[in-house]
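Analysis of the macromolecular model
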Amino acid sequence: MSCICLFLSSPLAAQEVKKGKKPAAVNSKAASTWVKTFGSPEFDSGYSIKQTSDGGYIIAGYTFYPSLQRPDLWILRLDANGSKIWERKFEKAVHGSEEYAVSEGVDGGFWILAPKDIGKGYASRVVVRVIRLDPAGKVLLDKNFTENSVTGFSILAAPDGGCLVGGYGSNAGLQVPWLMRLYRQGNLLWERFMDGTGTEPISAIVRAPDDHYIVATSSSWKKGFRIMKLKSDGGAIWSRRYYSDNENERIRAMAMTSDEGIVLSGETGNTSFSGFIMRLNGNGDLQWDRRIYGTIGRLYAQPTDDGGFLAVSSQERGEVRKMDILVAKFGSKGNVLWSKVLGEHGTSYLVFALDRTSDGGFIMAGSKGAMTVGNIDLAIIKIDADGKA
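Here goes a summary of the coordinates provided. Remember, predicted model here, so these are calculated numbers, not experimental data.

**Digging into the overall build of the protein chain**
In terms of regular secondary structure, the protein chain is built from zero helices and 30 strands. Per-residue burial for the protein chain yields a buried fraction of 57% across its 389 residues. For the protein chain, the proportion of contacts with a sequence separation of at least 24, taken over those separated by at least 6, is 47%.

**Looking at the packing of aromatic side chains**
All told, the structure shown has eleven aromatic pairs when counted by the stated rule. An angle of 50° between the planes, with centres 5.8 Å apart, marks the rings of tyrosine 62 and tyrosine 100 as tilted. Taken together, the positions of tyrosine 62 in strand β5 (residues 57-64) and tyrosine 100 in the loop between β7 (84-90) and β8 (101-104) put the pair 38 residues apart, joining distant regions of the chain. A residue is classified by how much of its surface remains accessible, and tyrosine 62, at 3% relative accessible area, is buried. For tyrosine 100, a relative accessible area of 2% gives the class buried. Ring centres of phenylalanine 153 and tyrosine 168 lie 5.8 Å apart, and the angle between their planes is 40°; this geometry places the pair in the tilted category.

**Details of the sheet that holds strand β12 (residues 151-157)**
Taken in spatial order, the four strands of this open sheet run β12-β13-β14-β15, and their pairing is antiparallel. Whereas interior strands pair on both sides, the edge strands pair on one side only; in this sheet they are β12 and β15 (188-193). Along the sheet, successive strands turn relative to each other by an average axial angle of 25°, direction set aside. Pairing analysis gives nine bridges linking strand β13 (residues 163-171) to strand β14 (residues 174-182), with the strands arranged antiparallel. From the neighbouring strand, asparagine 171 faces β14, where its bridge partner is leucine 174.

**Let's talk about unusual backbone geometry**
Here the phi dihedral of alanine 172 falls at roughly 55°; this positive angle occurs in a residue that is not glycine. On the secondary structure map, alanine 172 appears in the loop between β13 and β14. For alanine 172, a relative accessible area of 78% puts it in the exposed group. Residue arginine 298 is not a glycine yet carries a positive backbone phi of 45°. On the accessibility criterion, arginine 298 (23% relative accessible area) is partly exposed.

**Concerning the nonpolar core**
Counting 34 residues, the largest nonpolar core has Leu73, Ile75 and Met364 as its most contacted members. In terms of residue count, strand β28 (residues 348-356) provides more of this core than any other element does, four residues in total. The residues touching methionine 364, leaving out its near neighbours within four places in the chain, are Ile49, Val312, Ile325, Leu342, Val351, Ala353, Leu354, Ala379, Ile380, Ile381 and Ile383.

**Regarding the sheet that holds β8**
An order of β8-β9-β10-β11 is seen for the four strands of this open sheet, with the pairing classed as antiparallel. Each having just a single partner strand, β8 and β11 (139-145) make up the two edges of the open sheet. Taken over all neighbouring pairs, the strand axes of this sheet differ in orientation by 20° on average, direction set aside. Of the pairings in the sheet, the one linking strand β9 (residues 110-117) to strand β10 (residues 126-133) comprises eight bridges and is antiparallel in character. Across the sheet, tryptophan 111 pairs through a bridge with arginine 132, a residue of β10.

Scoring rules and cut-offs
Residues numbered from 1 in each chain as written. Predicted model: local features only at pLDDT ≥ 70, side-chain atom pairs only at ≥ 80, totals over all residues. Heavy atoms only, no water. Helix = DSSP H or I, 4+ residues; strand = E, 2+ residues; numbered from the N terminus. Buried < 20%, exposed > 50% of the residue type's maximum accessible area, 1.4 Å probe, protein only. Contact = heavy atoms within 4.5 Å. Phe/Tyr/Trp six-rings, centres within 6.5 Å; stacked < 30°, edge-to-face > 60°. Pairing = 2+ DSSP bridges. Axes fitted to C-alpha atoms, helices over the stretch in contact; angles between N-to-C directions. Core = buried A, V, L, I, M, F, W, Y, C linked by side-chain atoms within 4.5 Å.

What follows is the structure in structure tokens.
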């Protein structure tokens, strides 16, 4: 991968540290910006966020109270200004896992994917949990999937009211990429176990403009990751594998571009990880890729209205034990136009999800708190196209 070094100092407030030619404004209505926090007395975080069709937001994550043995799955519904509309909590979620995902359905309701611990006492047994909510948060479906030792990483609502769930599962003694298609009632329409080289989960799913699906696997044991285009029945149209030098890649986000291309982002490395962003055309041909040093990995990127890309990650300030947010703007050819750091004295921010918004801005979900105190809250941050919060 081509390397970009963004070893940026972390100021107490947002500051532009590298700047190219400022892109022309692409939205006559300025994007609103704000920061909201929600939480319990101990630890809370958001791992998936999507803007909803009415301009609000839906977040999936978990909340943990000192009296609980395990955290609760936490679904939070916000309006366009970040005010809470409703929330739902479900018992037996899992600590330290980022396999939480949410997708809005065609009816305005929501499909939720989350790990669930069905073990008793301290004996854990984690299974795939799929929940369907109506627009008001009423539970329509809450179902566990325990066959074939499956683990879920991604979910996408389907046009007929059902959904697709991706991850990995056990097939013929191997853990391979796994994808299932559900009816809206939660019944299985079909299930696919794909050829794999080991633990190689389907970590992202998007719907292509031609109504087929693009799925991305994270890499397995330095054997590269794959992008596949699938028909509506799960059959492969094409499959491409991508390699880097003796490293592992985790796909954290995938999105379609305006010209039907694909942008991927995530982390790459072995014992230490850096962020990366990759641009493919609609046939899976590599256009460019960039490795971004100076992050802790977990890079999330989305297309911008002017044909470029905005990426966010977390950056560590080791001398004061805190994390700030790195925001970088890439041009259509992968060149860095500018980068900024968003931070606050004495407080750490971690980013776990990013989505673009209808006003040309972006919405992030993660956590906020002082690392030395232990009270970590869920943080939702709305920025504009220039990276301002």
